[in-house]
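Understanding the architecture of this molecule
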Amino acid sequence: MERLEHKHSRAVRWMHWFNVPLLFGMVWSGMLIYWANDVYSLGFGKFAIHLFPDWFYRWFHLSGRLAEGMAWHFAIMWLFALNGLAYVAYTIVSGEWRYLVPNRGSFREAWMVVLHDLHLSKIEPPRRKFNGAQQFAYTGVVLMGAGSLLTGLSIYKPTQVAWLTGFLGGYDMARWEHFWLTMGYMAFFAIHIAQVIRAGWNNFRAMVTGYEVASGEEASRG
Amino acid sequence: MSRLTRRSFAVGGVAALLGAGGVAWLANARGQDGIPGPLRKMLEFNEGVAQRLFGPQRLAPEFSPDKIEEPRINGLIGLASVAPTQDWKIRVVGKVDRTIPLAAIEALPSFSMTTQLKCVEGWSRIINWKGARLSDVLAQFGAGSEYIGLSTPSGGTDKSGQPDRYYVGFDRPSALHPQTLLCYEMNGQPLTQDHGAPLRLISAVKYGYKCIKRIGVIELTDHRPPDYWAEQGYDWYAGH
């Protein structure tokens, strides 16, 4: 028996999809800026990979576009910040934060979900809106967004908000933090897409239509 | 469900097309100074926000002497020839017209600060600077103006005879900031040619590309002065 279950509100769906081009725009323009002083590496000593190799910049046409990158970055930042703040305000006012913020059982549950998804455990994730792993992921990525706004502001106006830049460890450290938060989004994005594909059409469609067909078989992921 | 799905995807598709169209329009919008016009407008909007929040007495942090770093040479535009360090003169033009010797600036009260010079590329250097406050120079030799333009000496050319000039514009509040100095010493030594001998500007409230080297002309004007890097798509204000 097919039964439609309301899953995501209209506001959440719009803010979610609006965030896709905004985050992409911030990362892309951020790459144009990072190119001008690409000093970070992944790993240690001999095993360090310079971020990013030359072919990477060539492939994505990221070289020599610092001014353009800053112009876009400092325009899109307003929309990215407003969308993020609107989302947080909405989850608070609507009470949806209760589904999203991890609680006492979330950590254990998140661990079970990870083991299950890696095929190391046969215990199915619980069937409710967001399981423990999702709670950590979705709350974490919102905190990362707040971190990006704060670290970004601290390297954009390091004198006017010198107290914040100092708190974050100084101008150079704040830039490092800003960069690695972005790499964090990339990791989130990769796992998110993989999980959405695993979870299937019904789950994906719910993020567009708002409704999920509850057949009682599929657990939600993503 | 299928009707709902069709409708939702149609709305989403239209929204995505509108968004893509908007971005395409923005990216191809006509502009001057290296970036699309609407993005330049956004930089100017940000400037308005920054100026409203700007605290004229808010100081950039100073560092202890053990934090001082080796300076990094960056930006040699306007420095192609060798500047004579003897008998250097600065022309003050616009609302006044006079020529002042470097000695007159060295005779003003001298200030020292150890601040972090930040490049818009994303690197920084902590340097000790010594010089006169631009506010003192303007009070002594200037006149009230909304903007202050500074440039390397006019008529400068590179080896092949091409014009070689660097120029920046300052809004008045930033120019009058106590940490905006006309410097003649760096890390306890006289400025070298690469760092703008005999006189350069250092502002702790601006990114490095505003910190012009080898100052030959100061212009007092009510119109926004041209700025070398702003003409290449960078923010004119460049305050931080």
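Residues numbered from 1 in each chain as written. Chains lettered and ligands numbered in written order. Predicted model: local features only at pLDDT ≥ 70, side-chain atom pairs only at ≥ 80, totals over all residues.

1. Section: the overall build of chain B
Spelled out, the test is: Under the scheme used here, helices are H or I runs from DSSP no shorter than 4 residues and strands are E runs no shorter than 2 residues, and both carry numbers assigned from the N terminus. With C-beta atoms placed from the backbone, a residue is labelled by how many other C-beta atoms lie within 10 Å of its own: buried for 20 or more, exposed for 12 or fewer, partly exposed between the two. C-beta atoms are first placed from the backbone for all residues, and any pair lying within 7 Å is then listed as a contact.
Within chain B, the secondary structure is distributed over five helices and ten strands. Taken along its principal axes, the extent of the C-alpha atoms in chain B is 85 × 45 × 35 Å. Looking at chain B as a whole, 38% of its 240 residues are labelled buried. Pairs at least 24 apart in sequence give 70% of the contacts found in chain B among residues at least 6 apart.

2. Here we look at the environment of M186 of chain A
Residues and elements named next belong to chain A. On the secondary structure map, M186 appears in helix α8 (residues 171-199). Overall, the presence of 10 C-beta atoms within 10 Å leaves M186 in the exposed class. Separated by 44 residues in sequence, M186 and V142 have C-alpha atoms that sit 14 Å apart.

3. Observations concerning the sheet that holds strand β2 (residues 98-101) of chain B
All names here are of chain B. Spelled out, the test is: Pairing between strands requires that DSSP locate at least two bridges from one strand to the other. Axis lines are fitted through C-alpha atoms, for helices just across the contact stretch, and the angle between N-to-C directions can take any value from 0 to 180 degrees.
One open sheet accounts for five strands, arranged β2-β1-β10-β5-β6; its pairing is mixed. In this open sheet, the two strands that pair with only one neighbour each are β2 and β6 (167-171). On average, each strand axis in the sheet is tilted by 20° relative to the strand beside it, whichever way the strands run. Pairing of strand β1 (residues 89-94) with β2 involves four bridges; the strand directions are antiparallel. Counted as the bridge partner of V92 is R98 from β2.

4. Description of the pairing of strand β4 (residues 124-133) of chain B
Residues and elements named next belong to chain B. β4 sits mainly inside the fold: eight of its ten residues count as buried. Pairing geometry for strand β3 (residues 110-118) and β4, over nine bridges, is antiparallel. Its bridge partner being in β4, M113 is matched across the sheet by W129. As judged from the five bridges shared by β4 and strand β7 (residues 180-186), these two strands associate in the antiparallel manner. Of the residues in β7, the one forming a bridge with W129 is M186.

5. Some words on the confidence of the model for chain B
So the rule is basically this: For every residue, the pLDDT score states the predictor's confidence, bounded by 0 at the bottom and 100 at the top.
When the pLDDT values of chain B are averaged, the result is 94; 100% of them are 70 or greater. Overall fold confidence (pTM) sits at 0.93, and the ipTM for the predicted complex is 0.93.

6. Thoughts on the interface of chain B and chain A
Selection criterion: By the convention adopted, Pro, Cys, Tyr, Trp, Phe, Met, Ile, Leu, Val and Ala count as nonpolar, Lys, Arg, Asp and Glu as charged, and the other residues, Gly among them, as polar.
Counting residues at the interface gives 33 residues for chain B and 29 residues for chain A. Listed by contribution, the elements that provide at least two residues to the side of chain B that touches chain A are α1 (2-28), α2 (37-53) and β3 of chain B. The residue makeup of the side of chain B that touches chain A, split by class, is 16 nonpolar, 13 polar and four charged.

7. Side note on unusual backbone geometry
For the peptide bond that leads from L51 of chain A to F52 of chain A, omega is 5°, which places it in the cis range. Its location among the elements puts F52 of chain A in the loop between β3 (49-50) and α2 (54-60). For the peptide bond that leads from A197 of chain B to P198 of chain B, omega is 5°, which places it in the cis range. Its location among the elements puts P198 of chain B in the loop between β8 (189-190) and β9 (200-203). Non-glycine residue H61 of chain A carries a positive phi angle of around 55°. Checked against the element boundaries, H61 of chain A lands in the loop between α2 and α3 (66-94). Despite not being glycine, H119 of chain A has its phi angle at roughly 60°, a positive value. Examined against the element boundaries, H119 of chain A turns out to sit in the loop between α5 (106-117) and α6 (132-156).

8. With respect to the environment of P84 of chain B
Residue and element names in this part refer to chain B. The topology assignment puts P84 in the loop between α2 and β1. The class for P84 is exposed, based on 9 C-beta atoms found within 10 Å. Taking C-alpha positions, P84 is 7.9 Å from P198, a pair spaced 114 residues apart along the chain.

9. Side note on α8 of chain A
Residues and elements named next belong to chain A. The condition that has to hold: Expected helix span is computed as 1.5 Å times (number of residues minus one).
The first and last C-alpha atoms of α8 sit 42 Å apart over 29 residues, in line with the 42 Å expected at 1.5 Å per residue. Taken residue by residue, α8 has Y171, A174, R175, H178 and F179 as its buried positions. Within two residues after α8, G200 carries a phi angle of roughly 95°, on the positive side.

10. A few points about the nonpolar core
What counts, and what does not: Each nonpolar core comprises buried Ala, Val, Leu, Ile, Met, Phe, Trp, Tyr and Cys residues, the members being joined through C-beta atoms within 7 Å.
In terms of nonpolar packing, the biggest core is built from 63 residues, with A71 of chain A together with L150, L182, C183, L201 and I215 of chain B touching the most fellow members. Ignoring any residue separated from it by four or fewer positions in sequence, one finds L201 of chain B in contact with L134, L150, L182, C211, I212 and I215 of chain B.

11. Focus on the packing of α6 of chain A against α8 of chain A
Residues and elements named next belong to chain A. What counts is decided by this rule: Roughly parallel means an angle under 35 degrees; roughly antiparallel means over 145; roughly perpendicular covers 65 to 115; every other angle is labelled oblique. In a left-handed crossing the near helix is turned counterclockwise from the far helix by less than a right angle, and in a right-handed crossing that turn is clockwise.
Contact pair α6 / α8: the axes reach a minimum separation of 9 Å and the direction vectors enclose 150°. Taken together, the axis directions place α6 and α8 in an arrangement best described as roughly antiparallel. Note that α6 runs across α8; the crossing there is left-handed. Between α6 and α8, the contacting residues are A137, V141, M144, G147, S148, T151, G152, S154 and I155 on the first element and Y171, A174, R175, E177, H178, L181, G184, Y185 and F188 on the second. Here the contact of α6 with α8 is composed, by residue class, of nine nonpolar, seven polar and two charged.

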